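The lines below spell out each chain.
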Amino acid sequence: KHFALTTFVFCTGAQGGSVAKTLLEDGTFAVRAVTRDVKKEAALKLKEAGAEVVAADLDDEKSIEAALKGAYGAFVVTNFLEHFSKDKEFAQGKCFADVSKRLGLTLVVFSGLENVKKLTNGKLEVPNFDGKGEVEEYFREIGVPMTSVRLPCYYENFLTFFRPQKDKDGDGYTLCIPMGDVPLDGFSVEDLGGVVLSILKSPSKYAGKDIGLSMEKLTMEEYAAIMTKVLGKNIRDAKTDIPGAKELVNMFIFYTMKPNRDIQLTLQLNPKAKKFQCWLQENKAAFDNL
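Residues numbered from 1 in each chain as written. Predicted model: local features only at pLDDT ≥ 70, side-chain atom pairs only at ≥ 80, totals over all residues. Heavy atoms only, no water.

Going by the annotation in an unreviewed UniProt entry, the name recorded for the protein is NmrA-like family domain-containing protein 1, with Aquarana catesbeiana given as the source organism. For the record of the protein, the UniProt heading Sequence similarities (unreviewed entry) holds the text "Belongs to the NmrA-type oxidoreductase family." (UniProt positions renumbered as here; feature names shortened; annotations may be inferred.)

Here's what the structure looks like:
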């Protein structure tokens, strides 16, 4: 068996956890799960499931090199929300790319996004996108075989950041996502593992590609209608702007520019990936306390 590496940031979080779980279930690759805290509950669960769990930190090049040594390939995700610094995110991605180059990894699967500032000639800045875009560029610049998987809005965001809000004027709920009538791509982070597994199994086919993931392109009215149907609660599109947070507003402006997210390719990579209604039915209980 080869080693396939999940990254320290999210091997015990949403993205890396999905990848590690899927690789362990598939069995083609031995899994070396990397985390800063090997005693975390999620890390211990991965160890019980058969992963080799090792400690490393993306700010510590020597620890990354030790964790990557002997690996066939890697899945890595940087976490902008941990520090809110585009420069720090780029430095972490650069460190990982440099080590990958030295060790000659067959393939790195990077959880990337577009460099919005570059694409819009400076008109829009979305730091949590732009830093990842710069990391993508650096991987290519130094010649590391890398596939970027660009996730759209997670369905899981409806449980956290974009949870339906109680309507002050009635007994219903509103979705406050400023997309107007432009469809928003959606995807469950749980389905990322199957995508990464397919990519790792076919490095020559996918190396060098940017893969925009999506399972559905729905307007806010369509998301609200599905939620109303499945949850049995009156949910509607608030048709409102998000005040404040310029970066968040810019992110949604960029989404309205319809970045490339490919449903057919997503399904080729993971035929079991779920549409929104299916995901919502499986997670219905999580909305019970609305």
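(A) Looking closely at the pairing of strand E5 (residues 107-111). The element E5 is largely enclosed, with a buried count of 5 among its 5 residues. Here E5 shows two buried faces, one formed by Leu-107, Val-109 and Ser-111 and the other by Val-108 and Phe-110. Taking the sense of rotation as the criterion, the β-α-β connection linking strand E4 (residues 73-76), helix H4 (residues 86-103) and E5 turns out right-handed. When E5 meets strand E6 (residues 146-150), the two strands line up parallel, connected through 4 bridges. Looking across to E6, one finds that Val-108 is bridged to Met-146. (Buried < 20%, exposed > 50% of the residue type's maximum accessible area, 1.4 Å probe, protein only. Helix = DSSP H or I, 4+ residues; strand = E, 2+ residues; numbered from the N terminus. Right-handed = clockwise from strand over helix to strand, strands pointing away. Pairing = 2+ DSSP bridges.)

(B) The pairing of E6, seen in detail. For E6, the tally of buried residues reaches 5 of 5 residues, placing the bulk of the element in the interior. Residues Met-146, Ser-148 and Arg-150 line one face of E6 and the alternating positions Thr-147 and Val-149 line the opposite face, and both faces are buried. Direction of pairing for E6 relative to strand E11 (residues 210-212): parallel, over a ladder of 3 bridges. Among the inter-strand pairings, Ser-148 is bridged to a residue of E11, identified as Asp-210.

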